[in-house]
Amino acid sequence: MSYTPSKIEAKWQKKWDDEKAFEPDDELTREKKYILSMFPFPSGRLHMGHVRNYAIGDAFARYYRKQNFNVLHPIGWDAFGMPAENAAIQHGRHPKEWTYSNIDYMRKELNTLGLSFSKTREFATCDPLYTKWEQEFIIKMFEEKLLYRESTTVNWCEDCHTVLANEQVEEGCCWRCDNTVELKEMDGYYLDIKRYADDLLGDLDSLEGKWPSQVITMQKNWIGKSQGLEFEFELSPSSKEKLGGNFDKYTVFTTRPDTIYGVTYTALAVEHPITKYLIKHNLLNESITETKTKVIEKTDKKSLIETYTETTTIAEKIKTITNMTEIERAKEGKEGYDLGLSVIHPLTGEEIPVWTANFVLASYGGGAVMAVPAHDERDFEFATKYNLAIKRVIAGGDALPYIFEGNLENSDMFSGLKNTEVKSQIIEHFEEKSLGKGTTNYKLRNWGISRQRYWGAPIPFVHCDTCGLVAEKVENLPIALPDDVEITGEGNPLENHPTWSNCACPQCGKDAKRETDTLDTFVQSSWYQFRYATNPKKWNDVGIDKEEANYWLGVDQYIGGIEHAILHLLYARFFTKVLRDLGYHNIDEPFENLLTQGMVLMDGSKMSKSKGNTIDPDALIEKYGADTARLFTLFAAPPTKELEWNDAAVEGAFRFIKKLYDRNKKVTSRTLPKIEQSSLSKASKVARVKVYEALQKSSAVYEKTFAFNTLIASCMEALNALDKQDNGDVWTEGMYIMLNLLEPIIPHVATELSQMLFERENLGVQLTVKEEVFVQDSILYMVMIGGKKRTEIEVSPSSSKQEILIQAKEAGAKWLEGMIIVKEIVVANKLVNLAIKPN
RNA sequence: GCGGAUGUGGUGAAAUUGGUAUACACGCCAGACUUAGGAUCUGGUGCUUUACGGCGUGGAGGUUCGAGUCCUCUCAUCCGCACCA
């Protein structure tokens, strides 16, 4: 009987289904393991990245189930999002129909992989029942003032026709479609993630060693905490007058209070209220004339260049900057304009000019900076370009800017002190005189969650002319999407719907308008790990069951792509903390251990449809079976590394399974035999050593190193060694153990053989390593002389160190001639090393 | 520029954490069985040398009896952030 994967796999998949084999206990008594692979977006078809992700997760789940843990291993669908609307635009399919039919198709594909998912806990995030609870959370957050609405500059993607969060902008482009992101002023809903900045940063320490350090650092940098001094610049009397008495002062933040005496100018962002005021009141109409060049004709070899002058105003120039993205501004180089204002230095009382500059970020530190050109590269570049004063206040080096440590000079009472030590003193000085205070700033910006799209969870708010912004009543949830929409790609389909937004104000009952923005899809993936943990029997009644959440979370092993290092993983951590503080559970961190899997590559680059270098999992499974697909995926590379696809190597994996299957005929009894070690041939002893080495490796791999590739290699070695001997008992023991070890990786064939040979008894037992297997009759020692490997000796295990040395010297006599032994080293069970020098 | 990683045969990769570098697999070579085989099985396969031997983990030093592993410097590649005051 030869190996026929299609039959075996269908048989066991059906059996597992019938037996409901992978549902966790409802009783929360046993020790638990929560194994979670990031849930897929129902794009239509599975790709190899999915196969890898779920093969890894399934190996963990099956391993821990075998160790008698109560295992939660769920799957679901991250089902809202743009592609569903694109399908509607391109193929006229309704997003809902498109999404659910994709889910049905992909569920079948996942089934053919034999993954041990809980079937009862599956859901799609577009299910109204999921939306219902999400909307409740959103309303609770609003009540806690964690959610607010404001008008501000946002990242806008014209292609996706929606706003993007900061985290969704990659090098100035949309994370999804790569279109250049524009800035736009508009209303939107925000979650105050900054309130949790310190918590999110601090708790990263508890993930040290359990998350890849790379991800931890990326999150740290993204949060970007910095400590320093915040103080105010008072405007000079004439400047106040110029500003019509509307401004007295403004705040700046610095991490370098030690350079405070070196401030020679200050710069405002172009979006700063003072800059805006000056433009609005025509106070920056001074004209500037620039000489520019233009290519008017280009022939083969020469370009005809014309020089011309252009006259414009400062106000116009500033407006141009305002319309540029941060990246464009950075490319332009430093640019700025004298605002014709001055402020008073808080310590020296000097008058300091006020500029506006393109490198000052509106969104950080109040949109204004103090400038110390002598000790800051950016300030220096700007001061040099515009001939501004430069004042050195730290001694050291010849060249400016000097950005290293040194003693202060020209700094009044602080002169002579070391700059690194004086920072806190200066902050204290400001605090004593009530001029400023020590403070902390974050790069992290609040999470904009409004999307001007149809296929998302409606934001459950109502605009009432009388009451303003009002949250929907919880008993009215979910606010569901209308089915009858026209999706054209133009504008927001919810906004264009004739009646959907009409409603009664939940507060006063008058006619009001429903919010037409929907939630960012990352909101759904921020709490799904809690939904799975809640028993489906309760899904109608609660969003998250507290007791069950506390039992199952944090996720013991989370597996997914590195591309979520910031986005999803930061949002989910944030949501976890917020829901904790809202009383839904007591968990601080959602994902206890994180494994970031590498990409699946073909010819060195990422598999993608556009490149035509994809491998279709369905075809692969049809040809070789799911077990081969899984085995290859786990064998070809360690899970965190990139996986280079190789058709020939897939054949190799297939060959191993066939060979394993074929050796069923070597098994001579239906239970684990007792073996008398001393009666065995040398080859049989070696085989046993290999089998038990694989067993030893197994727990280390599943619990520590995750190097499935080495566990598989160990099993291959064991099978090769078994093949070199013919003892039926050793074969039986070897197969008994190996099938147990391989079941999490190649479950169908391992279960089939276990059933056939041992009635699956071997899959349920706790195997222990038999140390006597490793005891050898003689031990091979390498003999090194003068640091070089020279020969080998066979030593009895009972030999003393002295005996071993004598034996080694005899064997190595040839190399010791005319030498004096300087040092003798014996490493137990390994080697002898004799250090020598000429006599 | 800042931060994080990674460099080992023709290829994917191992190496019990300082102890025989290249396990396992692919590929390649030779052989067996075959009408045939892109099937299966067996053996070989780091470089160099006629040989003894020598050299080999990106490069250069160092520590050590002993270094892929530890230290210093350096080069290359990949990823993330990107004027955060």
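Now for a quick tour of the structure. (Residues numbered from 1 in each chain as written. Chains lettered and ligands numbered in written order. Predicted model: local features only at pLDDT ≥ 70, side-chain atom pairs only at ≥ 80, totals over all residues. Heavy atoms only, no water.)

The next subject is the protein's contact with RNA strand B. For RNA strand B, the set of nearby residues contains 51 residues, the closest of which are Thr 254, Lys 334, Arg 378, Ala 636 and Asn 833. Here RNA strand B approaches the protein such that, of its atoms within 4 Å, sugar and phosphate make up 63%. Thr 254 is positioned such that a nitrogen or oxygen atom in its side chain is 2.7 Å from a sugar or linking oxygen of RNA strand B. Put simply, the parts of the chain that give the surface near RNA strand B at least two residues each are helix H7 (213-223), strand S9 (249-254), helix H11 (326-332), helix H20 (647-662), helix H22 (708-723), strand S30 (788-795), strand S31 (819-827) and strand S32 (831-838). Considering only residue class, the surface near RNA strand B consists of 21 nonpolar, 13 polar and 17 charged. (Near = heavy atom within 4 Å. Polar contact = N/O pair within 3.5 Å; in protein donor to acceptor, adjacent residues only side chain to side chain. Helix = DSSP H or I, 4+ residues; strand = E, 2+ residues; numbered from the N terminus. Nonpolar A, V, L, I, M, F, W, Y, C, P; charged D, E, K, R; others polar.)

Before going further, it helps to examine the packing of helix H1 (residues 5-19) against helix H24 (residues 747-758). Direction vectors running N to C along H1 and H24 enclose 85 degrees, while the axes themselves pass 9 Å from each other. Accordingly, the angle class assigned to the pair H1 and H24 is roughly perpendicular. The residues of H24 that touch H1, namely those facing Ile 8, Glu 9, Lys 11, Trp 12, Gln 13 and Trp 16, are Pro 747, His 748, Val 749, Thr 751, Glu 752 and Gln 755. (Axes fitted to C-alpha atoms, helices over the stretch in contact; angles between N-to-C directions. Parallel < 35°, antiparallel > 145°, perpendicular 65-115°, else oblique. Contact = heavy atoms within 4.5 Å.)

You can see Asn 446 is positioned in the loop between strand S16 (436-442) and strand S17 (447-448). Of the polar contacts made by the side chain of Asn 446, one reaches the side chain of Tyr 148; its length is 2.9 Å. Side-chain polar atoms of Asn 446 contact the backbone nitrogen of Lys 194, separated by 2.9 Å. Each residue touching Asn 446, except ones within four places of it in the same chain, is listed here: Tyr 148, Tyr 190, Leu 191, Asp 192, Ile 193 and Lys 194.

Under the definition given, this model contains 50 aromatic pairs. The interplanar angle of 75 degrees and the centroid separation of 4.7 Å between the aromatic rings of Tyr 551 and Trp 552 together place this pair among those described as edge-to-face. For the pair formed by Tyr 551 and Trp 552, the shared burial category is buried. Between Tyr 624 and Phe 654, the aromatic rings sit 5.1 Å apart at their centres with planes inclined by 70 degrees, giving edge-to-face as the arrangement. Of this pair, Tyr 624 sits in helix H18 (residues 617-624) while Phe 654 sits in helix H20, and the two are 30 residues apart along the sequence. (Phe/Tyr/Trp six-rings, centres within 6.5 Å; stacked < 30°, edge-to-face > 60°. Buried < 20%, exposed > 50% of the residue type's maximum accessible area, 1.4 Å probe, protein only.)

Moving on to the nonpolar core. Core analysis: the largest hydrophobic core is formed by 173 residues, its most contacted members being Trp 447 and Trp 645. In terms of residues, this core owes the most to one element, helix H2 (residues 48-66), which gives 10 residues. Not counting residues within four places of it along the chain, the set of residues in contact with Trp 447 comprises Ala 165, Tyr 189, Tyr 190, Leu 191, Ile 193, Asp 520, Phe 522, Val 523, Ser 526, Tyr 571, Phe 574 and Phe 575. Phe 231, Ile 318, Val 343 and Met 370 belong to the second largest nonpolar core, which has 50 residues in total. (Core = buried A, V, L, I, M, F, W, Y, C linked by side-chain atoms within 4.5 Å.)

This part covers the sheet that holds strand S3 (residues 147-157). What the 4 strands build is an open sheet, ordered S4-S3-S7-S17; its pairing is antiparallel. Since the sheet does not close on itself, it has two edges, and those belong to strand S4 (162-164) and S17, each with one partner. Bridge count between S3 and S4: 3 bridges; the pairing is antiparallel. Considered in S4, the bridge of Trp 156 is made with Val 163. (Pairing = 2+ DSSP bridges.)

Glancing now at the sheet that holds strand S19 (residues 461-464). Taken in spatial order, the 4 strands of this open sheet run S20-S19-S22-S21, and their pairing is antiparallel. If you trace the sheet from one side to the other, it starts and ends with strand S20 (468-471) and strand S21 (502-504), each paired once. In this sheet, neighbouring strand axes are inclined to one another by 45 degrees on average, regardless of whether the strands run parallel or antiparallel. Across 3 bridges, S21 lies against strand S22 (residues 511-514) in antiparallel orientation. By the bridge assignment for S22, Asn 502 is matched with Lys 513.

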